[in-house]
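# Examination of the molecular architecture
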Amino acid sequence: MPVVSVGMPLGPGCSTCGYCGPLGERSNAETSFKKAGLIASQLSCEVYQKMIYRGWRRSGTYCYVPDLRRSCCPQYTIRLDAIAFKPSRSQRKLINRWNHFIMQGHTSETSDTLLQQGISSIPLPIRPSKSEGNASKRDPPKFSLSTSIHAAESDFISPNATVRHKFEVTLEPSTYSEEKYALYTLYQRQIHHDPHNTPEDFKRFLVKSPLINEPIPYRASAPDYLPSQYGSFHQMYRLDGELIAVGVIDILPECVSSVYFMYDPKHDKYSLGKLSALREASLAREIHDAGAINMTSLAMGFYIHSCPKMKYKGGYSPSYLADPEEFTWFPLADCVPQLEKFRYAAFAHPEHSLEGPQDPGEGPPASVSEELLNEVMVIYSMQQGAISIIPINSSHRWNDEYNREEIISCVDALGAELSREVIFR
């Protein structure tokens, strides 16, 4: 039985900005605008996939779409082609550095204890020689992201291997635990200078999800470490049994979507955030290679060209930005000249781009045809599990001017196809 997507429409809004203020602070003025929102009771993974590709994101069960034209720091939807992705030299070095730490430890950890055990060195996983057979120095061994990303994990290491640390990565449903909450508060306090977080804040932001789990249609049996369902997950990173990082991700029919990443700051020098993006790109590729062939991308959230801490996403290639008006995809490299020149860049229609930091004000009001409104449904009643629906322009909410504006804004932001697939309440 197909999953029914249900949500309450919200209209435009604005808030302070967390991207252009001082470290750990938000902007003084409300300069971050949203076109519309949706408080989702439940969503099919396919519907949310389509929402992401129209510029939407979720924070818990609250879904929203930024208004790039008005916002101080325009947020462009970015996706990485996980099938074509080849890690750069610096990204390969990040992986190798972490693997070396797991296998051999810090330099300071190569202690007399190991020598006393008769271990002069701890071997890393065997890699092909740079000049093996007829290969030349110009023909280096092929780098495999999935092989390298798993090379130091305890489940992938030979039981007879001697390693300095035990590193485990597991995938589990999006659930609450005191251990996760403790890591979250540590991360927020030390990295974002935000000491005010309750368990309910954590649950609302990173545990609750409107996504309904659905089976992944692998064409053959997939390895046990790959997920069997689409939905919301926590990717758990453990070092010698201690939880050191959590990646909050949504696994959708066409992409792995990065929601949030938190880590223990004492491991900051290993760039765990960048490593998590490499791991998530690998996960998308591995799901694809196991037979779920529609899985091709890593949705990396928003790319904010004016924010240095968000520009790192451009280092993963080939990446694409969604045009903020037509939601067609453009190579990031082709977008950069416009992003450098304009505060708001429209890639499909460059003539719509805007210079200057000032808010141009509200654009033309959103409009939706009467024909479409007749096809957008709202819950009329629920009795014994049965839902009765009616066209939204026939509901009592439509008679209220404020509710009507919220509905029109949400329908316009979702687009015709998605608006027909979501039942409003």
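Provided above is the structure to which this section pertains.
Let us look at the structure shown here. (Residues numbered from 1 in each chain as written. Predicted model: local features only at pLDDT ≥ 70, side-chain atom pairs only at ≥ 80, totals over all residues. Heavy atoms only, no water.)

## A closer look at a nonpolar patch on the surface
Judged by side-chain polarity, M382, I387 and I389 come together as a nonpolar surface patch covering roughly 290 Å² of accessible area. Topologically, I389 is positioned in strand β16 (residues 386-391). On the basis of relative accessible area, I389 is assigned to the partly exposed category, the value being 39%. (Patch = residues over 30% accessible without salt bridge, like charges linked within 9 Å, V, L, I, M, F, W, Y side chains within 5 Å. Areas by Shrake-Rupley, 256 points an atom, 1.4 Å probe, with all protein chains shown as cover. Salt bridge = Lys/Arg side-chain N within 4 Å of Asp/Glu carboxyl O. Helix = DSSP H or I, 4+ residues; strand = E, 2+ residues; numbered from the N terminus. Buried < 20%, exposed > 50% of the residue type's maximum accessible area, 1.4 Å probe, protein only.)

## Some details on the nonpolar core
Within the largest apolar cluster, 103 residues are counted, with the highest numbers of intra-cluster contacts made by M51, W56 and F424. If you tally residues by element for this core, the top one is helix α7 (residues 272-289), at eight residues. For W56, the contacting residues outside a window of four places in its chain are A36, G37, L38, M51, C63, Y64, V65, C410, A413 and L414. Judged by nonpolar contacts, the second largest core, of five residues, contains C17, C73, I304 and M310. (Core = buried A, V, L, I, M, F, W, Y, C linked by side-chain atoms within 4.5 Å. Contact = heavy atoms within 4.5 Å.)

## Regarding the side chain of E153
The residue E153 is located in the loop between α4 (145-150) and β7 (167-173) in this model. Take E153: its relative accessible area is 4%, and that puts it in the buried class. Polar contacts involving the side chain of E153 include one to the side chain of R279, which spans 2.6 Å. Sequence-distant contacts of E153, defined by excluding residues within four places in its chain, comprise F167, V169 and R279. (Polar contact = N/O pair within 3.5 Å; in protein donor to acceptor, adjacent residues only side chain to side chain.)

## Details of the packing of helix α2 (residues 89-104) against α7
The geometry of α2 relative to α7 is characterised by a closest axis approach of 10 Å and an angle of 105 degrees between their N-to-C directions. Classified by the angle their axes make, α2 and α7 are roughly perpendicular. Of the residues in α7, those in contact with Q91, L94, I95 and W98 of α2 are L272, K274, L275 and L278. (Axes fitted to C-alpha atoms, helices over the stretch in contact; angles between N-to-C directions. Parallel < 35°, antiparallel > 145°, perpendicular 65-115°, else oblique.)

## Description of helix α10 (residues 401-421)
Given a rise of 1.5 Å per residue, 21 residues ought to cover 30 Å, yet the end C-alpha atoms of α10 are separated by just 24 Å, more than 12% below that figure. Of all the bends in α10, the greatest, near 115 degrees, is centred on G415. Residues N403, E406, I407, I408, S409, C410, V411, A413, L414, G415, L418 and S419 constitute the buried set of α10. (Expected span 1.5 Å × (residues − 1). Bend = angle between axes of the 7 residues up to and from the residue.)

## With respect to the packing of helix α1 (residues 45-52) against α10
Running from N to C, α1 and α10 point in directions that differ by 165 degrees, and their axes come no closer than 11 Å. The angle between α1 and α10 places the two elements in the roughly antiparallel class. Between α1 and α10 the crossing geometry is left-handed. Residues V47, K50 and M51 of α1 pack against L414, E417, L418 and E421 of α10. Taken together, the residues of the contact of α1 with α10 sort by class into four nonpolar, no polar and three charged. (Left-handed = near helix turned anticlockwise from the far one by under 90°. Nonpolar A, V, L, I, M, F, W, Y, C, P; charged D, E, K, R; others polar.)

## Things to note about the pairing of strand β6 (residues 76-81)
Of all six residues in β6, six are buried, a share of seventy percent or more. Both faces of β6 are covered, namely the face carrying Y76, I78 and L80 and the face carrying T77, R79 and D81. Relative to strand β12 (residues 297-303), β6 runs antiparallel, the two sharing five bridges. When the sheet's bridge partners are listed, Y76 is paired in β12 with Y303. Direction of pairing for β6 relative to strand β13 (residues 319-322): antiparallel, over a ladder of three bridges. Bridging across to β13, R79 finds its partner in Y320. (Pairing = 2+ DSSP bridges.)

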